[in-house]
Amino acid sequence: MSQREAARHFGISRDSVQKMLAYSVPPGYRRKAPIKRPKLDGFTEIIDAWLEEDRGVPRKQRHTAKRVFERLREEHGFTGGYTIVKDYIREHDRRGREMFVPLAHAPGHAQADFGEAMVIIDGVEQKAHFFAFDLPHSDACYIRAYPAATSEAWVDGHVHAFGFFGRVPVSVLYDNDRCLVAQILPDGTRKRARLFSGFLSHYLLRDRYGRPGKGNDKGSVEGLVGYARRNFMVPVPRFPSWEAFNTWLEEQCRKRQGDILRGHTEAIGARLARDLEVMAELPPAPFDACDQASGRVTSQALVRYKTNDYLVPVAYGHRDVWLRGYVDEVAIGCGGDLIARHPRSYEREDVVFDPVHYLPLIEKKINALDQAAPLTGWELPPEFATLRRLMEARMLKAGRREFVQVLRLLEAFEVDDLHAAVKTALRMGAIGFDAVKHLVLCQVEKRPPKLDLDVYPYLPRAEVGKTSAASYMCLISEEAR
């Protein structure tokens, strides 16, 4: 057939027949001249200038396509439509997107970061900040959750990760978190935070940092954060404590080592062996992951740490003390003595009491017993209230003071042992501090109590006569009758 006859036979144009004869596979549409935008071409330079200026302003305050369209109409008399403006800006953004180079990861190196997810701990819904530690060569990981992403949490997460793998990596890649980097100097070097610097010195670890605002520099751990959130935090985790949650997370990380990821023929655990061969041994002792601070005890026996007040024994009032802030507790000491330990509070302007610390002062100021704020809400077994009522009924104000002395036994004994001693004292009718102290010592030492009630003149006394031979003779004579 001729081309004209083929076009007539198939009902297509002669140009289409000519292309089919020239190409074995249709090449599709080909643009021979640049796109002409008669209404927009005169404004593209203005749009480009606006978008270039946007690089120096916050992301949420940059031009949208709608805002560019409105400004072109109002300020420059643009008469075109919104669609051509939107298409131009979309193409401009596509041309400006960053390209990336695939990376190969040598064994023994790591990356670390923090992520966030909602969890329910002890019935309270709250935000968890989870530490993510990744070995990019093998894709082995370690995840640990904390109430806050503090400096102590960063270091504590590393300590637990090193313990999990049993080795220390050659280097770790970080972003420029303020908990790690105190300042970026003009030459690009980092001035490390004090706690983090001590941690690096302890493990002889080389730290590396990505570019500010460039999360793709540590893409492996960024991907791990998303993986952990999708796989370990859905549905919302519910655990009785942070320790139980972290134990479960460790099990998931260990279970994941049996997976074979896309693009690999070996499981994560098999590739992890090559990582561990290059990594260094653990030091003899782990690093003490705590923030160190100092303070002075107030007249109310309180010392402030991170906006919260913690109670110490009243004997240390107005003295200088040192503080150690761990992820789960605050330790307070004076000189070489540890004087108090409290669960750490992540609230603001909170007051953390230990009622036992105030008892020596309350013993002196006994009238403050019922109004002392540290004792408010202190839940003791009901036998303690019974003991106090009996003491006050028999000894009035002195009985109240003796009850405080009984409570002060908690400075040396566990509450369960003291509770058992109080119940025994009530059963025996030995209502006094000395009796309770003797009974709690017997409870701890596992020996029977021996109470001399002659030292308790206020207790009810029962007189029992001594047995004599004459008494037996009377009984025999009565039986004979």
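A quick note: this is a predicted structure, and the numbers were derived from the prediction, not measured.

About the thresholds
Residues numbered from 1 in each chain as written. Predicted model: local features only at pLDDT ≥ 70, side-chain atom pairs only at ≥ 80, totals over all residues. Heavy atoms only, no water. Helix = DSSP H or I, 4+ residues; strand = E, 2+ residues; numbered from the N terminus. Rg over C-alpha atoms; globule rule 2.2 N^0.38 Å. Buried < 20%, exposed > 50% of the residue type's maximum accessible area, 1.4 Å probe, protein only. Contact = heavy atoms within 4.5 Å. Areas by Shrake-Rupley, 256 points an atom, 1.4 Å probe, with all protein chains shown as cover. Lys, Arg positive; Asp, Glu negative; His and termini not counted. Charge placed at Lys NZ, Arg CZ, Asp CG, Glu CD. Axes fitted to C-alpha atoms, helices over the stretch in contact; angles between N-to-C directions. Parallel < 35°, antiparallel > 145°, perpendicular 65-115°, else oblique. Left-handed = near helix turned anticlockwise from the far one by under 90°. Nonpolar A, V, L, I, M, F, W, Y, C, P; charged D, E, K, R; others polar. Pairing = 2+ DSSP bridges. Salt bridge = Lys/Arg side-chain N within 4 Å of Asp/Glu carboxyl O.

**What to know about the overall build of the protein chain**
Then comes step 1: Looking only at helices and strands, one finds 16 helices and 15 strands in the protein chain.
Then comes step 2: Taken against the 2.2 N^0.38 rule, which gives 23 Å for 481 residues, the C-alpha radius of gyration of the protein chain at 39 Å runs more than 25% over that of a compact globule.
Then comes step 3: Summarising its shape, the C-alpha atoms of the protein chain cover approximately 155 × 55 × 50 Å along the three principal directions.
Then comes step 4: Here the protein chain holds 481 residues, and 39% of them are scored as buried.
Then comes step 5: In the protein chain, of all internal contacts separated by at least 6 residues, the share reaching a separation of at least 24 is 56%.
Then comes step 6: A total accessible area of about 29,300 Å² is found for the protein chain, and carbon and sulfur atoms account for 51% of it.
Then comes step 7: Across the protein chain, the mean location of the 71 positive side-chain charges is 7 Å away from that of the 65 negative side-chain charges.

**Things to note about the side chain of His158**
Then comes step 1: Mapped onto the elements of the fold, His158 is located in helix 6 (residues 151-165).
Then comes step 2: Since its relative accessible area comes to 0%, His158 is described here as buried.

**What to know about the environment of Asp337**
Then comes step 1: Take Asp337: it is sitting in strand 14 (residues 337-343).
Then comes step 2: Taking C-alpha positions, Asp337 is 9.9 Å from Trp322, a pair spaced 15 residues apart along the chain.

**Focus: the packing of helix 3 (residues 44-53) against helix 4 (residues 65-76)**
Then comes step 1: Contact pair helix 3 / helix 4: the axes reach a minimum separation of 11 Å and the direction vectors enclose 125°. Judged by the inter-axis angle, helix 3 sits oblique to helix 4. Helix 4 is crossed by helix 3, and the crossing has right-handed handedness. Side by side, helix 3 and helix 4 meet where Ile46, Ile47 and Trp50 of the first sit next to Val68, Arg71, Leu72, Glu75 and His76 of the second.
Then comes step 2: A breakdown of the residues in the contact of helix 3 with helix 4 according to their chemical character gives five nonpolar, one polar and two charged.

**As for the sheet that holds strand 11 (residues 308-311)**
Strands belonging to one sheet form pairs held by backbone hydrogen bonds; the direction of such a pair is parallel or antiparallel.
Then comes step 1: The strand order across the open sheet formed by three strands is 10-11-15, and the pairing between neighbours is mixed. Edge positions in the sheet fall to strand 10 (302-305) and strand 15 (351-352), since each of these pairs with one other strand and no more.
Then comes step 2: As paired elements, strand 11 and strand 15 share two bridges and run parallel to each other. Among the inter-strand pairings, Asp309 is bridged to a residue of strand 15, identified as Val351.

**Considerations on the pattern of salt bridges**
Then comes step 1: Per the stated rule, a full pass over the model turns up 25 salt bridges.
Then comes step 2: In this structure, the salt-bridge partner of Arg144 is Glu250, at a minimum N-O distance of 3.9 Å. Remark: Glu250 occurs in helix 9 (residues 242-256) and Arg144 occurs in strand 3 (residues 140-146); sequence separation between them is 106 residues.
Then comes step 3: When its relative accessible area of 21% is taken as the criterion, Glu250 is described as partly exposed.
Then comes step 4: Within this structure, Arg144, Asp156, Glu243 and Glu250 form a network of salt bridges that share partners.

**Regarding the packing of helix 12 (residues 382-395) against helix 13 (residues 397-408)**
Then comes step 1: Between helix 12 and helix 13, the shortest axis-to-axis distance is 6 Å and the interhelical angle comes to 150°. As helix 12 packs across helix 13, the resulting crossing turns out to be right-handed. Residues Phe384, Leu387, Arg388, Met391, Glu392 and Met395 of helix 12 lie in contact with helix 13, whose contacting residues are Lys397, Ala398, Gly399, Arg400, Glu402, Phe403, Val406 and Leu407.
Then comes step 2: The residue makeup of the contact of helix 12 with helix 13, split by class, is eight nonpolar, one polar and five charged.

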